[in-house]
Amino acid sequence: MIIYHLSTECYPVAKVGGLADVVGALPKYQNKIKDIEAKVVMPWYNKSFIYDHEFDIVFDGFIHQGGNMLQVQVLKEKSDVLGFELYMVKIPGLLDRDNPYGYQDENFQFIAFQHGVLHWLTAMNIRPDVLHCHDYHTGLVPFMIENCAEFSFLKGVKTVGTIHNGEYQGMMSWEMAKYLPSFDPYKWGLMDWNGLINPLASMIKCANAFTTVSQGYLEELFVSFRGLESLVRDEFSKAYGIINGIDTEVWNPETDPMLDFNFNSENAVEQKRKGKEKLCKEYGLKPELPFFAFIGRFATEKGADLLPDIVWRSIKQSYGGLNIMILGSGNTYIENKLKEYEYTYTNFALDLGYKEHLSHKIYASADFLLMPSRVEPCGLNQMYSMRYGTVPIVRYTGGLRDTVEDISTGGAGINFTYPGVDDVIHAMNRALMLYNQKDVMENLIHANMNFDFAWEKSAEKYIALYNH
Ligand code: ADP
Ligand code: GLC
């Protein structure tokens, strides 16, 4: 069975968040299954990966976007170094940028990507068994292969759409329709939601099946999905919740080259302590105190707006009895508020930006990882922290509720229900009580490290779904 994953991100080529981690790992694990050939197709970016690797041009052609003729090149990474064939679609001016997102004309960018991929497959007579589309950026593909004459060769190819984040749907005005490949005008309703072209809604309507990255999140979408609640209920019969795994080859505390002190479950307590000491020293924190961390995008869905209050209240209420470190970036108000607190509180360290190496060090060195998410379709941070022996403190939602069980019911994490500062502080107080019981803490480190979040099981579930 041949599967093409279509995505705007893929680790380590280009990463903004968890989508990259999933697309960089799932195909690799699928390829370990007999008779499965999984590949990845993504846009071309000016990232170091493309300069460090060699590519072959496997296709050179043209598409029309409205009145514009665009050159489309498809380049294949020569050595399959990632454990799967990687194809990158290059369109000068649209798909040759520094980053995946953040451009004014991103509707044109994502339309061009989808059009370019389908044009290439059609022109080269490549008919995969499954096109697996990830998030709204590739959400129009299931519609396009059924309703655009240009791609009639692909009609009937099975499609699966995975919703990594339903907060972003890619809505655009119908004015944009003229930039899509020509489609059967009677079928316009399959792209429409509330008078707009909605690629995520279209994916739900047109894909043979759609998935969410946890069962918990799927259930939440029925009641909260930014206007698509009734659609997801109508299409429930083809909905599946499949939890993400983590790439245990990349995220292995014993071999991780990004760590200063590697460890396994036997020497974890000692080595984690050394890592914590070093990191605390670098950031002016106090290694003898409990260490709480947050890593992620400063967005309201992550509960990042709560961080400034969490910082000052937890430090004040504990009389300076804890450290907090935050790594991330995003909303400027949150960034500025946190910068201000960095000057005010010696127990607080802030690193603004995206830093893969530092994130690994924090997962390994912190005692507790905070995730006050309002919405969390799956969440990978909690799984990375657990693999590195760090106790997750998570809001009981989506994938967090499916992966982290509270210590009160036999789990090895801390849950809280309401995404507000009071609940977070209460959860942190529970953590402080644990921290003071050395044996309990050591047991939690080991229990967390022993959880099995490997991709194998979920990779099999996707294959079962494709077969179905
Ligand atoms: P999302 O994709 O919604 O941001 P996930 O929990 O699925 O959330 O994945 C986030 C991924 O991005 C993890 O691999 C996490 O370690 C990483 N990450 C987030 N922010 C940063 C940062 N500032 N520096 C390094 N890695 C980060
Ligand atoms: C999205 C979600 C996150 C999930 C990731 C990978 O970015 O916000 O919860 O873990 O996709 O599926």
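This is a predicted model, so every value here is computed, not measured.

Colleague: What am I meant to see in the site of ligand 1 here?
Modeller: Near ligand 1 there are 20 residues, and of these Lys-15, Gly-18, Arg-297, Lys-302 and Tyr-363 occur at the shortest range. Measuring from an oxygen atom of ligand 1, one finds a side-chain N or O atom of Tyr-363 at 2.7 Å. Take Asn-381: an N or O atom from its side chain is 3.0 Å from an oxygen atom of ligand 1. Relative to its unbound accessible area of 560 Å², ligand 1 is 92% covered by the protein chains. Of all the elements in the fold, those that place two or more residues in the shell around ligand 1 are helix H1 (18-30), strand S12 (291-298), strand S13 (323-330), helix H11 (356-365) and helix H12 (381-387). Residue composition of the shell around ligand 1, by class: six nonpolar, eight polar and six charged. Taken domain by domain, the shell around ligand 1 gets at least three of its residues from each of domain 1 (2-247 + 456-467) and domain 2 (268-452).

Colleague: Honestly, the sheet that holds strand S6 (residues 130-134) in this entry has me stumped. Any pointers?
Modeller: The strands that make up a sheet are held in pairs by hydrogen bonds between backbone atoms, and each pair lies either parallel or antiparallel. Strand order in the open sheet formed by nine strands is S3-S4-S5-S2-S1-S6-S7-S10-S11, with mixed pairing between adjacent strands. Two strands in the sheet have a free side with no partner beyond their single neighbour: strand S3 (55-65) and strand S11 (239-241). Direction aside, the axes of adjacent strands within the sheet are offset by 20° on average. As paired elements, strand S4 (residues 68-77) and strand S5 (residues 85-90) share four bridges and run antiparallel to each other. Paired with Gln-73 across the bridge in S5 is Lys-90.

Colleague: Mind showing me how you'd approach the UniProt feature "domain: Glycosyl transferase family" (unreviewed entry) in the chain here?
Modeller: Per the UniProt entry, the sites bearing "domain: Glycosyl transferase family" (unreviewed entry) are residues 277-410 in this numbering. Span residues 277-410 is 40% helix and 22% strand, its end C-alpha atoms 30 Å apart.

Colleague: Teacher, can you tell me more about the site of ligand 2 here?
Modeller: His-164, Asn-244, Glu-376, Cys-378 and Gly-379 are the nearest of the 13 residues found near ligand 2. Here an oxygen atom of ligand 2 and a side-chain polar atom of Asn-244 are 2.8 Å apart. Between ligand 2 and Gly-379 there is a distance of 2.8 Å, counted from an oxygen atom to a backbone nitrogen or oxygen. Taken by itself ligand 2 offers 310 Å² of open surface, and the protein chains cover 93% of this. Examining the composition of the shell around ligand 2, we find that three residues originate from one element, H1, more than from any other. Of the residues belonging to the shell around ligand 2, the class tally is six nonpolar, five polar and two charged. Formed jointly, the shell around ligand 2 draws a minimum of three residues from each of two domains, domain 1 (2-247 + 456-467) and domain 2 (268-452).

Colleague: Could you clarify how one ought to interpret helix H15 (residues 438-449) in this entry?
Modeller: Because each turn of an α-helix spans 3.6 residues, side chains separated by three or four positions in sequence point in the same direction. With 12 residues, H15 extends 17 Å between its outermost C-alpha atoms, agreeing within 8% with the 16 Å of an ideal straight helix rising 1.5 Å per residue. For H15, the set of buried residues is Met-441, Leu-444, Ile-445, Asn-448 and Met-449. Buried residues of H15, seen end-on, are gathered within an arc of 125° and therefore sit on one face of the element. Facing away from the buried side of H15 by over 90 degrees, the exposed positions are Asp-439 and Asn-443. Those residues of H15 that are buried lie in contact with helix H8 (268-282), strand S15 (368-371), H12, strand S16 (391-395) and helix H14 (421-435).

Rules behind the numbers
- Residues numbered from 1 in each chain as written.
- Chains lettered and ligands numbered in written order.
- Predicted model: local features only at pLDDT ≥ 70, side-chain atom pairs only at ≥ 80, totals over all residues.
- Heavy atoms only, no water.
- Near = heavy atom within 4 Å.
- Polar contact = N/O pair within 3.5 Å; in protein donor to acceptor, adjacent residues only side chain to side chain.
- Areas by Shrake-Rupley, 256 points an atom, 1.4 Å probe, with all protein chains shown as cover.
- Helix = DSSP H or I, 4+ residues; strand = E, 2+ residues; numbered from the N terminus.
- Nonpolar A, V, L, I, M, F, W, Y, C, P; charged D, E, K, R; others polar.
- Domains from an automatic or database assignment.
- Pairing = 2+ DSSP bridges.
- Axes fitted to C-alpha atoms, helices over the stretch in contact; angles between N-to-C directions.
- UniProt positions renumbered as here; feature names shortened; annotations may be inferred.
- Expected span 1.5 Å × (residues − 1).
- Buried < 20%, exposed > 50% of the residue type's maximum accessible area, 1.4 Å probe, protein only.
- Arc of directions from axis to C-beta.
- Contact = heavy atoms within 4.5 Å.

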